[in-house]
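Summary of the model geometry
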Amino acid sequence: LWMNSWKATALHWMKWSSIIWNMRYNYITFKSVSFAMKAESILKKSNIKFRTIPVPRSISSDCGISIRFNKEDCEEIESLLKGVYEKIYYDLVIN
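Residues numbered from 1 in each chain as written. Predicted model: local features only at pLDDT ≥ 70, side-chain atom pairs only at ≥ 80, totals over all residues. Heavy atoms only, no water.

A word on helix α2 (residues 33-45). Structurally, the α-helix is built with 3.6 residues per turn, so residues lying three or four positions apart point the same way. For α2, which comprises 13 residues, the first-to-last C-alpha distance of 19 Å matches the rise-based estimate of 18 Å (1.5 Å per residue) to within 8%. Along α2, the residues classified as buried are A36, A39 and L43. Across the axial projection of α2, the buried residues extend over an arc of 65°, all falling on one side. Turned more than 90 degrees off the buried face of α2, the exposed positions are S34, M37, K44 and K45. (Helix = DSSP H or I, 4+ residues; strand = E, 2+ residues; numbered from the N terminus. Expected span 1.5 Å × (residues − 1). Buried < 20%, exposed > 50% of the residue type's maximum accessible area, 1.4 Å probe, protein only. Arc of directions from axis to C-beta.)

With that out of the way, let us pick up the nonpolar core. Within the largest apolar cluster, 14 residues are counted, with the highest numbers of intra-cluster contacts made by I28, F30, I77 and L81. Taken together, the elements giving at least two residues each to this core come down to α2, β3 (65-69) and α3 (74-80). With three residues, α2 is the single largest residue contributor to this core. Residues within four places of I28 in sequence aside, it is in contact with I65, S66, I67, F69, I77, L81, Y85, K87 and I88. In this structure, Y27, V55, I59 and Y89 belong to the second largest nonpolar core, which totals six residues. (Core = buried A, V, L, I, M, F, W, Y, C linked by side-chain atoms within 4.5 Å. Contact = heavy atoms within 4.5 Å.)

With respect to burial, strand β1 (residues 24-29) is a largely interior element, five of its six residues being buried. Bridging between β1 and strand β4 (residues 87-93) involves five bridges; their strand directions are antiparallel. Across the sheet, residue Y27 finds its bridge partner in β4, namely Y89. Of the pairings in the sheet, the one linking β1 to β3 comprises four bridges and is antiparallel in character. Bridging across to β3, Y27 finds its partner in R68. (Pairing = 2+ DSSP bridges.)

Another point: the sheet that holds strand β2 (residues 50-54). Sheet architecture is open: four strands sit in the order β2-β3-β1-β4, paired in antiparallel fashion. Since the sheet does not close on itself, it has two edges, and those belong to β2 and β4, each with one partner. Averaged over all pairs of adjacent strands, the angle between strand axes in this sheet comes to 30°, irrespective of strand direction. Strands β2 and β3 of the sheet are contacted by α2, whose axis makes an angle of about 30° with β3. (Axes fitted to C-alpha atoms, helices over the stretch in contact; angles between N-to-C directions.)

As structure tokens, this is what we get:
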């Protein structure tokens, strides 16, 4: 009984970890830290979920800060941050 419980727990963890680690997000990069901070300030005033993170290694930027956000919020973020961001990277899986 214990072994079956352990196997079920391990399989459950493997399933969820692959979902978590392979989620797709959009990333915004900036030309400078001041633009990144301005974007963060604008997004904090909205109801959009986002996370300020270091720029992932697989993309490049002049600034070391990026913002990660869900695909569903792309249009709203593009309009809110017009003129603030350098580039948006769409639908990336970054482990």
